[in-house]
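Here is how the chains run, residue by residue.
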Amino acid sequence: MLDNLTQRLAKVVKTMRGEARLTESNTAEMLREVRLALLEADVALPAVREFIAKVKEKALGEEVIGSLSPGQALVGVVQKELAALMGADLGPEASQLSFAQQPPAIILMAGLQGVGKTTTTGKLAKYLKEQKKKVLTVSADVYRPAAIAQLESVTKQVGADFFPSTANDKPVDIALAALDWAKKHYHDVLIIDTAGRLAIDEAMMQEIAAVHAAVKPIETLFVVDAMVGQDAINTAKAFNEALPLTGVILTKLDGDSRGGAALSVRHVTGKPIKFAGVSEKLDGLEAFDPARMANRVLG
Ligand code: GDP
């Protein structure tokens, strides 16, 4: 991922050999390369701008010490800022899920259709079951009976409990009925999968906001497909405005060769990326590691 960034940086480190310190002009040259590499990686322009501005500010104030060349020093700044933008500064707790003191903890899954919401709901159920939590899932997707059946299937595969719903029910009623059931049966966690559309849609946003208002989830997770690159910025903006998101799950990271989505979504939401989906299989979920992601970006 972002292989070009490493190559571009290596090139600039070479050309900066012989320079004694980071200056406005040699820094600008290197930042041009970083900017191009990020744009090639399909990072949205506003996120690129923010990143470049931060690196510039840090780099010009940076002492170039010891055996480091200015080029190497700048690479160090890029690396550190990349990790920070990915969420490294938020601390390791950022990727953890919150649990209500009074169970069940409710997790609301939000995102467009096809991003992997239902699969990820199954993956999360598995992950939480492995932490000895009693998990109930429910689908509030009343438009696609196939989506309800799909959630039932993945839930059963991981051995969690499934609350059935039908296309005749209203999403808010489904969520409240599942919550009631979860309370009565002492579930620790209720995961609510919601309807996605192929594109941002006002009715969809109102519907999920109504579900949110009715059950007041402790976690509202925005699920986004890493393959969409900078398009993620618009979807993230819309969901972030409609819902008080608590975190992000980046899916299909196994297929992503560029990585623009991670930076763009962080830029827009400021919320931690909590998990990454790394395969179609139900064990393909990993805690998101900002530093590792930044290293992977730099190669
Ligand atoms: P939904 O419409 O958002 O509920 O999406 P689905 O859960 O139905 O997933 C859509 C497609 O993406 C399915 O073919 C999934 O197997 C696939 N998928 C989901 N997560 C991942 C992932 O992390 N990696 C890969 N490679 N495929 C995924």
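Further up the page is the structure itself.
Presented here is a report on the structure given in the accompanying data block.

So, how was this worked out
- Residues numbered from 1 in each chain as written.
- Predicted model: local features only at pLDDT ≥ 70, side-chain atom pairs only at ≥ 80, totals over all residues.
- Heavy atoms only, no water.
- Helix = DSSP H or I, 4+ residues; strand = E, 2+ residues; numbered from the N terminus.
- Rg over C-alpha atoms; globule rule 2.2 N^0.38 Å.
- Buried < 20%, exposed > 50% of the residue type's maximum accessible area, 1.4 Å probe, protein only.
- Contact = heavy atoms within 4.5 Å.
- Lys, Arg positive; Asp, Glu negative; His and termini not counted.
- Charge placed at Lys NZ, Arg CZ, Asp CG, Glu CD.
- Near = heavy atom within 4 Å.
- Polar contact = N/O pair within 3.5 Å; in protein donor to acceptor, adjacent residues only side chain to side chain.
- Nonpolar A, V, L, I, M, F, W, Y, C, P; charged D, E, K, R; others polar.
- Axes fitted to C-alpha atoms, helices over the stretch in contact; angles between N-to-C directions.
- Parallel < 35°, antiparallel > 145°, perpendicular 65-115°, else oblique.
- Left-handed = near helix turned anticlockwise from the far one by under 90°.
- Salt bridge = Lys/Arg side-chain N within 4 Å of Asp/Glu carboxyl O.
- Pairing = 2+ DSSP bridges.
- Phe/Tyr/Trp six-rings, centres within 6.5 Å; stacked < 30°, edge-to-face > 60°.
- Lys NZ or Arg CZ within 6 Å of the ring centre and 35° of its normal.

The secondary structure content of the chain amounts to 11 helices and eight strands. Against the globule reference of 19 Å for 299 residues, the chain gives a C-alpha radius of gyration of 21 Å, in line with a compact fold. For the chain, the spread of C-alpha atoms along the three principal axes comes to 70 × 35 × 30 Å. With 299 residues in all, the chain has 52% of them scored as buried. In the chain, 78% of the contacts between residues at least 6 apart in sequence involve partners at least 24 apart. Positive and negative charge centroids in the chain, built from 35 and 36 side chains respectively, lie 1 Å apart.

Inspection of the region around the ligand gives 17 residues, with Gly114, Lys117, Thr118, Thr119 and Asp254 positioned closest. Here a nitrogen atom of the ligand sits 2.7 Å away from a polar atom, N or O, in the side chain of Asp254. Glu280 has a polar side-chain atom sitting 3.2 Å from an oxygen atom of the ligand. By residue number, the principal contributor to the shell around the ligand is helix α5 (residues 117-130), which donates four residues. Its residues placed into classes, the shell around the ligand shows three nonpolar, eight polar and six charged.

Close contact between helix α2 (residues 24-40) and helix α4 (residues 70-86) brings their axes to 11 Å; oriented N to C, the two are set at 45°. With respect to their mutual orientation, α2 and α4 come out oblique. For the crossing formed where α2 meets α4, the hand is right-handed. Residues Thr27, Met30 and Val34 of α2 pack against Gly71, Leu74, Val75 and Val78 of α4. Residue composition of the contact of α2 with α4, grouped by class: five nonpolar, two polar and no charged.

Moving on to the pattern of salt bridges. Counting across every chain of the model gives 10 salt bridges. Between Glu81 and Lys58 there is a salt bridge, with its nearest N and O atoms 3.1 Å apart. One end of the pair, Glu81, is in helix α4; the other, Lys58, is in helix α3 (residues 45-61), and 23 residues separate them in sequence. Overall, Glu81 belongs to the buried group, its relative accessible area being 7%.

Across the six residues that make up strand β1 (residues 105-110), a large majority, six, are buried. Residues of β1 alternate between two faces, with Ala105, Ile107 and Met109 on one and Ile106, Leu108 and Ala110 on the opposite face, all of them buried. Of the pairings in the sheet, the one linking β1 to strand β4 (residues 189-193) comprises four bridges and is parallel in character. Bridging from a neighbouring strand, Ile106 pairs with Leu190 of β4. One ladder, built from four bridges, connects β1 with strand β5 (residues 219-225); its direction is parallel.

Right, let's talk about the sheet that holds strand β2 (residues 135-139) for a bit. Across the sheet, eight strands lie side by side as β3-β2-β4-β1-β5-β6-β7-β8; this open sheet has mixed pairing. A strand with exactly one partner marks an edge of an open sheet, and here the two such strands are β3 (161-163) and β8 (285-287). Here the strands of the sheet are splayed against their neighbours by 25° on average, with no regard to which way each runs. The pairing of strand β7 (residues 273-277) with β8 spans three bridges and is antiparallel. Bridge assignment links Ala276 to a residue of β8, and that residue is Glu286. In the packing of helix α6 (residues 145-158) onto the sheet, contacts are made with β2, β3 and β4, and the angle to β2 comes to roughly 165°.

Cis geometry is adopted by the peptide bond preceding Pro104, which originates at Pro103 and carries an omega value of 0°. Within the element layout of this structure, Pro104 appears in the loop between α4 and β1. Backbone geometry at Lys132 places phi at a positive 65°, although glycine is not the residue there. Exposure remark for Lys132: the relative accessible area of 72% places this residue in the exposed category. With a phi angle near 60°, Lys252 is a residue other than glycine that sits in the positive phi range.

Across all of its chains, the model carries three aromatic pairs by this definition. Considering the side-chain rings of Tyr127 and Phe275, the 5.0 Å spacing of their centres and the 75° angle between planes classify their relative orientation as edge-to-face. Taken together, the positions of Tyr127 in helix α5 and Phe275 in strand β7 put the pair 148 residues apart, joining distant regions of the chain. For Tyr127, a relative accessible area of 26% puts it in the partly exposed group. Cation over ring: Lys133 sits above Phe99, and NZ or CZ is 4.4 Å from the ring centre. Positioned above the aromatic ring of Tyr143 is the side chain of Arg197, whose terminal nitrogen or guanidinium carbon lies 4.9 Å from the ring centre.

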